[in-house]
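Residue strings, one per chain:
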Amino acid sequence: MTRAVNRVFLTMTRLGMGKGYRFVLTVNGRKSGRPYSIPVDVMSAGGERWLVAAYGVSNWVRNARVAGEVGLSRGGRSENLRVVELDPEESVAVLRQYLREVPVTRAYFDVTLDSADEEFAAEAAGHPVFRLVPFA
């Protein structure tokens, strides 16, 4: 079922439809080297952007850690970016924003919007956050 939903979101996002924070992430496989694409939600604030691993440490997370870069596309526009994994304390504000803006994923987290910063920092181990950095 998840694959079917992802295909729908991939098609919609490639056409520029749906939530404005949704993008298609493309990252090379850490073993195969082949590109893999999946819909992701990108958080933005203060001119910076972040990826949140809402469903845990999945293959795209492992692949991004090894590759150090990803591609993002939406509605015919695409860009390649470096990824820098945040430490748990840096992740708190982004994770809070993510839970506010993408409520459908709340069931995958062990925190609520009312949780303490320390609880959010602990949550970062299971839901890594990556800063997206443009290539200079």
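Residues numbered from 1 in each chain as written. Predicted model: local features only at pLDDT ≥ 70, side-chain atom pairs only at ≥ 80, totals over all residues. Heavy atoms only, no water.

*Asks:* Any chance you could break down the pattern of salt bridges for me, citing the residues and the numbers?
*Replies:* Following the criterion strictly, the structure yields 5 salt bridges and no others. A salt bridge links Glu85 to Arg65, with the shortest nitrogen-to-oxygen separation between them at 2.9 Å. On the criterion of sequence distance, the pair formed by Glu85 in strand 5 (residues 77-85) and Arg65 in helix 2 (residues 59-67) is long-range, its members being 20 residues apart. Judged by its relative accessible area of 36%, Glu85 is partly exposed. Classification of Arg65 as partly exposed rests on a relative accessible area of 40%. Here Arg96 and Asp117 are joined by a salt bridge, their closest N and O atoms 2.9 Å apart. Residue Arg96 is located in helix 3 (residues 88-101), and its partner Asp117 is located in helix 4 (residues 117-123); the two are separated by 21 residues in the primary sequence. Owing to a relative accessible area of 19%, Arg96 belongs among the buried residues under this scheme. Since its relative accessible area comes to 42%, Asp117 is described here as partly exposed. (Salt bridge = Lys/Arg side-chain N within 4 Å of Asp/Glu carboxyl O. Helix = DSSP H or I, 4+ residues; strand = E, 2+ residues; numbered from the N terminus. Buried < 20%, exposed > 50% of the residue type's maximum accessible area, 1.4 Å probe, protein only.)

By themselves, these are just geometric observations and shouldn't be taken as functional.
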